[in-house]
Amino acid sequence: MNKPLRTELRASTCPHDCPSTCALEVEVLDGRSIGRVRGAEDNLYTAGVICAKVARYAERIHHPDRLLHPLRRKGPKGSGEFAPISWDDALDLVASRFLAAEARHGSETVWPYYYAGTMGLVMRDGINRLRHAKKYSGFHSTICVNPAWTGFIAGTGRLAGPDPREMAKSDCVVIWGTNPVNTQVNVMTHAIRARKERGAKIVAVDIYQNGTMQQADLAVLVRPGTDGALACAVMHCLFRDGFADRDFLETYTDAPRELEEHLATRSPAWASPITGCPVETIEAFAKLIADNKRTYFRLGYGFGRSRNGTTNMHAASCIAAVRGSWTLEGGGAFHNNGAIYHWDKTMTEGLDVIDPAIRTLDQSRIGPVLVGEPDALINGVPVTALLVQNTNPVSVAPEQDKVKRGFAREDLFTCVHEQFMTETAKMADVVLPATMFMEHDDFYQGGGHQYIQLGPKLIDPPGECRNNHEVHCALAKRLGASHPGFEMTPRELIDWTLQNSGWGTLANLEANRWIDCQPDFDTAHYTKGFAWPDGKFRFKPEWKTVPFRSPWHAGPVEQMPVLPDHWAVIEEATEEYPFRLATSPARNFLNSTFNETPTSRAREKRPSVMIHPEDAAAHGIADGAKVVLGNTRGQVRLHAKHFEGVRRGVLIAESIWPNSAYEDGRGINTLTGADAIAPYGGAAFHDNRVWVRTA
Ligand code: SF4
């Protein structure tokens, strides 16, 4: 009889693309397998709660479809026909093709392309060291954060805010443009604690009645891309009713009188037809903030994904300044804590070997880049070689038809290092099997909180899987790239980075499991001034000079509004395209991650689009009917779901399903645009006008 296994509980960190970066406790059953995953009780942000999809991580890490061996394409591109190849032969082949491409077109023809499939600072970012050492084309990571971060920084001057745990000490928590019931569940933990312990109100602002809206005391349902109008109307009410904190405004803000004057015409009656939200709801929202100065605005990423997303984020962040909420514990506005970590990434990313003359290509515009549009290539050489890690652009990137055409090019050599045979991996010439987070050492920073956390190797990888760092180092050797970072182990890189960033050593982090980096109250609440030279919060930001890691300006920067406003640059509905479509995240997927696990797929059922029953009736669309959505970028076939929790004229397609889950293989991002959001780029995933017909 087999002896029962001895289960060990080991600490880890969720590596996925979610601001919660949960501290985990993993049941390690033996050297190769795990059991249940739980949230660490003693981590004050995670507080023992994680989402269901990570709790059942065993299903993903031990999935029978994991890639286990290197593969070389033997059939036509995209056919999925591969033959096994040894690691050495695979790496030799990749290196020789990269060197040949470089010899023909110059180093900028190679484009290392990655994203947030892991958020680990070693495994995610190390590809940049290879890029910089080899002078390959740069990568401007625009797809997720740029509009939201820029909009927030435009006001405060810094990407940081009050301790997220303070939500529990608030009298009113406003959860705006994020759905934490699905992902970043800890926001709900702290907001509900405030409700239980203090009788706090929870307000949710979103574009459909999602799980978070259903749990809110006040659900403010708006049309996509109209949050700026809502914010202006709320501020109008605060000024009108005498709840603007005039002392705070005079001391801490740049243009309070201009703002008040400008908002005089931005009443709830003005905002209502724009947002689709009744005047009474806007008034009720403003009254909650008026009655509860200790309001905490938890501003998410979702509403940044519109062509006016940057200005919408800025407008929402302005409300806390008008009310003067910043000075109180449990008050103020928070989006992300990226600025508090002051990393020295020299060793992880090879910052000391950057050549500023090398061009940087826009991640979101991979479709236009790969089909050779000159502006996307910055009028430079074509991309003829790709190394892809931690991302699945054939499924997740906008303008999918172009992305697919690009990947199908015969003159493009593609190496994809992946965990599963994704739709991007299927288009590759060489596929390399990658580890998952419990199979390698890495460390993480919390965007939605303030901890640095460790994710040590807990089990051996299956088959021949190797981690990203191993691939970077092995390729560097073959490509003649040198940097001390290639000579270090992941643990040495973690230790070096911690020490040189002022966060102690790996040994300390290992002993304590996390480092609480929360700045003191005055810094976090800007009580000694906001992070601009004059200390004033900006109602009138200079959009062209908002500090952000961007190599260029993008989109119609010149037209950005001077003061908070509704900026009408979104894809408004027309007679021909009467609906506005948003591609919100599904509860059981995280971008395209988890769309390979049976439980997630079973729970999400099938690709569908939510449509208001009255719109459905007007178009003769039955509940469950097969429909086609279309616009100038393409067409998508999926099933209609009648849903009263959207405004008329709005469609929601929760995502991201694999393209293969759609009848004709065309995924939802066939419909989304790759045109850049001002001022620093980004993809407007929730800003698409479409028509809808029964199939
Ligand atoms: S809530 Fe987010 S960070 Fe936490 S376990 Fe789930 S995906 Fe990971």
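These figures come from a predicted structure and were not determined experimentally.

Rules of the game
- Residues numbered from 1 in each chain as written.
- Predicted model: local features only at pLDDT ≥ 70, side-chain atom pairs only at ≥ 80, totals over all residues.
- Heavy atoms only, no water.
- Pairing = 2+ DSSP bridges.
- Helix = DSSP H or I, 4+ residues; strand = E, 2+ residues; numbered from the N terminus.
- Axes fitted to C-alpha atoms, helices over the stretch in contact; angles between N-to-C directions.
- 1 Å grid on protein atoms, 1.4 Å probe; cavity = no way out; pocket = protein on both sides within 12 Å on 5 of 7 lines; lining within 4 Å.
- Points joined across faces, edges and corners; volume = space filled by probe spheres on them.
- Nonpolar A, V, L, I, M, F, W, Y, C, P; charged D, E, K, R; others polar.
- Salt bridge = Lys/Arg side-chain N within 4 Å of Asp/Glu carboxyl O.
- Buried < 20%, exposed > 50% of the residue type's maximum accessible area, 1.4 Å probe, protein only.
- Phe/Tyr/Trp six-rings, centres within 6.5 Å; stacked < 30°, edge-to-face > 60°.
- Lys NZ or Arg CZ within 6 Å of the ring centre and 35° of its normal.
- Near = heavy atom within 4 Å.
- Sits in = over half its atoms within 2 Å of the grid points.
- Arc of directions from axis to C-beta.
- Contact = heavy atoms within 4.5 Å.
- Parallel < 35°, antiparallel > 145°, perpendicular 65-115°, else oblique.
- Left-handed = near helix turned anticlockwise from the far one by under 90°.
- Core = buried A, V, L, I, M, F, W, Y, C linked by side-chain atoms within 4.5 Å.
- Expected span 1.5 Å × (residues − 1).
- Polar contact = N/O pair within 3.5 Å; in protein donor to acceptor, adjacent residues only side chain to side chain.

**Q** I'd like to hear about the sheet that holds strand β23 (residues 634-642), residue by residue, with values.
**A** Reading around the barrel, the 6 strands line up as β20-β24-β21-β23-β22-β25 and close back on themselves, with mixed pairing between neighbours. Adjacent strand axes in the sheet meet at a mean angle of 45° when their direction is disregarded. Two elements, strand β20 (residues 579-582) and strand β25 (residues 688-694), share 3 bridges in a ladder whose sense is antiparallel. When the sheet's bridge partners are listed, Phe579 is paired in β25 with Val690.

**Q** Any chance you could break down empty space enclosed by the protein for me, citing the residues and the numbers?
**A** According to the stated counting rule, one finds 2 cavities of 30 Å³ or more in the structure shown. Taken as a whole, the largest cavity holds about 80 Å³ of empty space. Lining the largest cavity are 13 residues, and of these Cys14, Cys18, Cys22, Cys51 and Val54 lie nearest its centre. Tallied by class, the residues present in the lining of the largest cavity amount to 8 nonpolar, 4 polar and 1 charged. The volume enclosed by the second largest cavity comes to roughly 40 Å³. Lining the second largest cavity are Thr311, His314, Phe539, Pro541, Trp543, Pro561, Val562, Leu563, Pro564 and Asp565. Classifying every residue of the lining of the second largest cavity by side-chain character gives 7 nonpolar, 2 polar and 1 charged.

**Q** Requested: an account of the pattern of salt bridges, with residues and values cited.
**A** Across all of its chains, the model carries 49 salt bridges by this definition. The closest approach of N and O atoms between Lys402 and Glu399, which form a salt bridge, is 3.0 Å. Given the relative accessible area of 16%, Glu399 is considered buried. Ionic contacts of the salt-bridge type, sharing partners, join the residues Arg307, Glu571, Arg580, Arg633, Asp675 and Asp687 into one network.

**Q** Describe the packing of aromatic side chains, naming the residues involved and giving the relevant values.
**A** Tallied over the full model, the rule gives 24 aromatic pairs. Ring plane angle 85° and centroid distance 5.3 Å describe the contact between Trp326 and Phe530, whose orientation is recorded as edge-to-face. Note that Trp326 is positioned in the loop between α13 (309-323) and β12 (332-334) and Phe530 in the loop between α21 (521-525) and β20, a separation of 204 residues in sequence. A residue is classified by how much of its surface remains accessible, and Trp326, at 0% relative accessible area, is buried. By relative accessible area, which is 3% here, Phe530 ends up buried. Taken together, the aromatic side chains of Phe248, Tyr252, Trp326, Tyr526, Phe530, Phe537 and Phe539 make up a single cluster linked through ring pairs. One Lys or Arg, Arg60, reaches over the ring of Phe594 and ends 5.6 Å from the middle of that ring. When the ring centre of Trp270 is taken as reference, the NZ or CZ atom of Arg266 above it lies at 5.3 Å.

**Q** Before we move on, could you go through the sheet that holds strand β19 (residues 514-516) and cite the residues and values that matter?
**A** The strand order across the open sheet formed by 3 strands is β17-β18-β19, and the pairing between neighbours is antiparallel. At either margin of the open sheet sits one strand with a lone partner, and together these are β17 (442-445) and β19. Ignoring strand direction, the axes of neighbouring strands in this sheet form an average angle of 15°. Bridging between strand β18 (residues 451-455) and β19 involves 3 bridges; their strand directions are antiparallel. Along β19, the bridge assignment pairs Gln453 with Trp514.

**Q** Describe the site of the ligand, naming the residues involved and giving the relevant values.
**A** In the region of the ligand, the neighbouring residues are Cys14, Cys18, Ser20, Thr21, Cys22, Ile50, Cys51, Val54, Gln184, Val185 and Leu590. One can see that the ligand is located within the largest cavity. Across the shell around the ligand, the residue classes break down as 8 nonpolar, 3 polar and no charged.

**Q** Describe the layout of surface pockets, listing the residues and the values that go with them.
**A** A volume near 460 Å³ is recorded for the second largest pocket. Lining the second largest pocket are 26 residues; nearest its centre among them are Arg603, Glu604, Met610, Lys641 and Glu654. Contributions of two or more residues to the lining of the second largest pocket are made by α7 (211-215), α22 (598-604), β21 (608-611) and β23. Considering each element in turn, the lining of the second largest pocket owes the most residues, 3 residues, to β23. A class-by-class count of the residues in the lining of the second largest pocket yields 8 nonpolar, 10 polar and 8 charged.

**Q** Mind laying out helix α10 (residues 256-263), listing which residues take part and the relevant values?
**A** Taken as a whole, α10 has its buried residues at Pro256, Leu259, His262 and Leu263. Along the axis of α10, the buried positions cluster into a sector of 125°, meaning they face one direction only. Pointing more than 90 degrees away from the buried face of α10 are the exposed residues Arg257 and Glu261. Along its buried surface, α10 packs onto α8 (227-240), α9 (246-252) and α13.

**Q** How would you sum up the packing of α8 against helix α12 (residues 279-291)? Please name residues and give values.
**A** Between α8 and α12, the least distance of the axes is 9 Å, while the angle of their chain directions is 55°. Comparing the axis directions of α8 and α12 gives the class oblique. Between α8 and α12 lies a crossing of right-handed hand. Every residue of α12 that contacts α8 at Leu230, Ala233, Val234, Cys237, Leu238 and Arg240 is listed here: Ile282, Glu283, Phe285, Ala286, Ile289 and Ala290. Residue composition of the contact of α8 with α12, grouped by class: 10 nonpolar, no polar and 2 charged.

**Q** Hey, could you go over the nonpolar core for me, with residue numbers and the actual values?
**A** Ranked by size, the top nonpolar core spans 153 residues in total, and within it Trp176, Phe285, Ile452 and Leu498 carry the most contacts. Ranked by residue count, the leading element in this core is α8, at 10 residues. Excluding anything up to four places from it in sequence, Phe285 contacts Val174, Trp176, Val203, Val205, Leu218, Val220, Leu230 and Val234.

**Q** Provide a residue-level description of helix α18 (residues 468-479), including the pertinent values.
**A** Its 12 residues place the ends of α18 16 Å apart at the C-alpha level, agreeing with the 16 Å of an ideal helix rising 1.5 Å per residue. For α18, the complete set of buried residues consists of Asn468, His469, Val471, His472, Cys473, Ala474, Leu475, Ala476 and Leu479. The inward-facing, buried residues of α18 contact α3 (87-105), α4 (127-134), β14 (385-389), β15 (413-418), β16 (430-433) and α19 (490-500). Between the side-chain oxygen of the N-cap and the backbone nitrogen of His469 there are 3.0 Å, and the N-cap of α18 in question is Asn467. Looking one or two residues past α18, Gly480 carries a phi angle of roughly 75°, positive in sign.

**Q** I'd like a description of the packing of α3 against α18, backed by residues and values.
**A** Pairs of packed helices are described in terms of their axes, by the angle between the two and the distance that separates them. Interaxial distance between α3 and α18 falls to 9 Å at its minimum, and their mutual angle equals 55°. In terms of orientation, α3 and α18 fall into the oblique class. The two elements α3 and α18 meet at a crossing, and its hand is right-handed. The residues of α18 that touch α3, namely those facing Trp87, Asp88, Leu91, Asp92, Val94, Ala95, Phe98 and Leu99, are Val471, Ala474, Leu475, Arg478 and Leu479. Here the residues of the contact of α3 with α18 sort into 10 nonpolar, no polar and 3 charged.

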